[in-house]
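Each chain, letter by letter, is given below.
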Amino acid sequence: VLQDLPKVMPEITRDFLKYRTVYRAHLPGAGVFQCSITGLSFEVKSAVTITYRYATWTRHLSKADQEMWVPAGPLFHIEVQAGVVQAVHLPHFICLRGAAAAASIAHFISGKMFLKVPTRLTTSSAILVNPSFSLLGVLWRRLRSTLNSLPMHSLVLIFQQLSAANTTLHLYLIPDDNSVKQAIEKQEMNWNAKLIPKPPPFNPLFFGCIYQVASTNSVVITPEAHLPFCYKSPKEQQLFVEIYIRNMAEEIGLFMTDTRNDAVVWRASLRSGDINPPACVSKTLSGAAFMKKHKTELCSRMRQLSTILLHLREANVINSDEEEEVRGKDTSQRRNQVLLELAEKKGLEAQEQLYKILRMKDPYLITDLE
């Protein structure tokens, strides 16, 4: 959903009363800016601070509305000073082939839903000019005559269960919705898993259709190889298949087909290097040893610090005072250095937690350093 717009890294805080992640973007002046985490964009006429978080569609859409409307992007709760935002760009995962008129923007006020026609639709967002704020998100009208003709952009996520026997993978098929992706990443991190980055399907997929996962090699897929493509709230358990590989070959091919016509919609190769660390890196080189060996590179190359700090707070590795100490430094390199030294002082477990978070949030950096 990220467009070619100036990016803003929001401050990430935690609503501890309701266990919600809250983003706060400080926009420097007039212009169009996009949140680098959520894909949400704002056109503003002056400097302003905007606070927003993900909300849950199923909590706000009535049963009757759910019969008629399908979520087509995240639902946001947005708070900002009135009159400053000239337009909001709400991310969506609709493929704009055909009846774009079926897309609407839902605006919830005092528990009641009002529908607005987007001022303009782009490939990744629905734009609303002169908006008022509370709860906003993109919906697609469900037409019974075209139940299986809702083309949506999607993602395939693969996680390796690090503590499972041999090679055990979880494979998810989800709409390209960052709120859903974040919820899955958080759950898998709690299950001691790592993300194996792979490309998305070749073409848009269709809500209501069933897709079958298969392999060119001998693997065990449970509970069954079929995945329905649908929207499930980030608060719900997402559907996945478990892939068990008894003997990991040099390369295993995974692919997904549309059960309506057996057409291949996604293909990826799973190599031994995706699963196992390079031979030169022993399993003991994690946590403390990894941080010590690569401290200089991590100081200059570690990104997404706000997200890393949030995960460390959730894992009770650091407290609010220590988080502020890190944030208070004047350069990114100095902030990274202070965080690494803080983890080092706290011992092996803290460094192991930081290592796992980096593996999840920036697997390319870790792989490159290893």
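Residues numbered from 1 in each chain as written. Predicted model: local features only at pLDDT ≥ 70, side-chain atom pairs only at ≥ 80, totals over all residues. Heavy atoms only, no water.

Glancing now at the sheet that holds strand E11 (residues 120-121). Overall, mixed pairing links the six strands, which are arranged E1-E4-E5-E8-E12-E11 in an open sheet. Each of the sheet's edge strands pairs with one partner strand only, and the pair in question is strand E1 (7-8) and E11. Taken together, the five bridges between strand E8 (residues 85-91) and strand E12 (residues 125-129) define a ladder with antiparallel strand orientation. In the sheet register, His89 faces E12, and the bridge partner there is Ile127. (Pairing = 2+ DSSP bridges. Helix = DSSP H or I, 4+ residues; strand = E, 2+ residues; numbered from the N terminus.)

Next up on the list: the UniProt feature "domain: CARD" (unreviewed entry) in the protein. Sites flagged by UniProt as "domain: CARD" (unreviewed entry) map to residues 290-370. Spanning residues 290-370, this segment combines 80% helix with 0% strand, and its end C-alpha atoms are found 8 Å apart. (UniProt positions renumbered as here; feature names shortened; annotations may be inferred.)

Time to look at the nonpolar core. Ranked by internal contacts, the top residues of the largest apolar core, which has 85 residues, are Phe42, Leu171 and Ile243. Residue assignment places this core across two domains, with domain 1 (7-142) and domain 2 (151-275) each supplying three or more. Ignoring anything within four residues of it in the chain, the contact list for Ile243 reads Thr167, Thr168, Leu169, Leu171, Val213, Val219, Val220, Ile221 and Leu254. One finds Leu340, Leu354, Leu358 and Leu365 within the second-largest nonpolar core, a separate group that totals 25 residues. (Core = buried A, V, L, I, M, F, W, Y, C linked by side-chain atoms within 4.5 Å. Buried < 20%, exposed > 50% of the residue type's maximum accessible area, 1.4 Å probe, protein only. Domains from an automatic or database assignment. Contact = heavy atoms within 4.5 Å.)

Our focus in this paragraph is the packing of helix H8 (residues 320-327) against helix H9 (residues 332-346). Across the interface, H8 lies against H9 with an axial gap of 8 Å and an inter-helix angle of 145 degrees. Residues Glu322, Glu325, Val326 and Arg327 of H8 touch H9, and the partners they reach there are Arg335, Val338, Leu339, Leu342 and Lys346. When its residues are assigned to classes, the contact of H8 with H9 shows four nonpolar, no polar and five charged. (Axes fitted to C-alpha atoms, helices over the stretch in contact; angles between N-to-C directions. Nonpolar A, V, L, I, M, F, W, Y, C, P; charged D, E, K, R; others polar.)

Turning to the domain arrangement of the protein, a few remarks are in order. Once the domains are mapped, the protein shows domain 1 (7-142), domain 2 (151-275) and domain 3 (287-369). For domain 1 versus domain 2, the separation of C-alpha centres amounts to 28 Å. On the domain 2 side, the residues contacting the 17 residues of domain 1 number 17 residues. Both sides of the domain 1 and domain 2 interface together cover about 1,400 Å² of buried area, and 62% of this is carbon and sulfur. At the junction of domain 1 with domain 2, the criterion picks out zero salt bridges. Across the domain 1-domain 2 interface, the total number found is five residue pairs in polar contact (both at pLDDT 80 or more). When residues of the side of domain 1 that touches domain 2 are assigned to their parent elements, the largest contribution, four residues, is made by strand E7 (residues 69-79). Broken down by class, the residue content of the side of domain 1 that touches domain 2 amounts to 11 nonpolar, four polar and two charged. (Buried area = accessible area lost by both parts, 1.4 Å probe. Salt bridge = Lys/Arg side-chain N within 4 Å of Asp/Glu carboxyl O. Polar contact = N/O pair within 3.5 Å; in protein donor to acceptor, adjacent residues only side chain to side chain.)

Count 3.6 residues to each turn of an α-helix, and residues three or four apart come out pointing the same way. Helix length check: helix H10 (residues 348-361), at 14 residues, gives a terminal C-alpha distance of 20 Å against a target of 20 Å (1.5 Å per residue), a fit within 8%. Considered for burial, the residues of H10 that qualify are Ala350, Gln351, Leu354, Tyr355, Ile357, Leu358, Arg359, Met360 and Lys361. (Expected span 1.5 Å × (residues − 1).)

Moving on to the environment of Tyr364. Examined against the element boundaries, Tyr364 turns out to sit in helix H11 (residues 363-369). On the basis of relative accessible area, Tyr364 is assigned to the exposed category, the value being 60%. The sequence separation of Tyr364 and Ile196 amounts to 168 residues, and the corresponding C-alpha distance is 9.8 Å.

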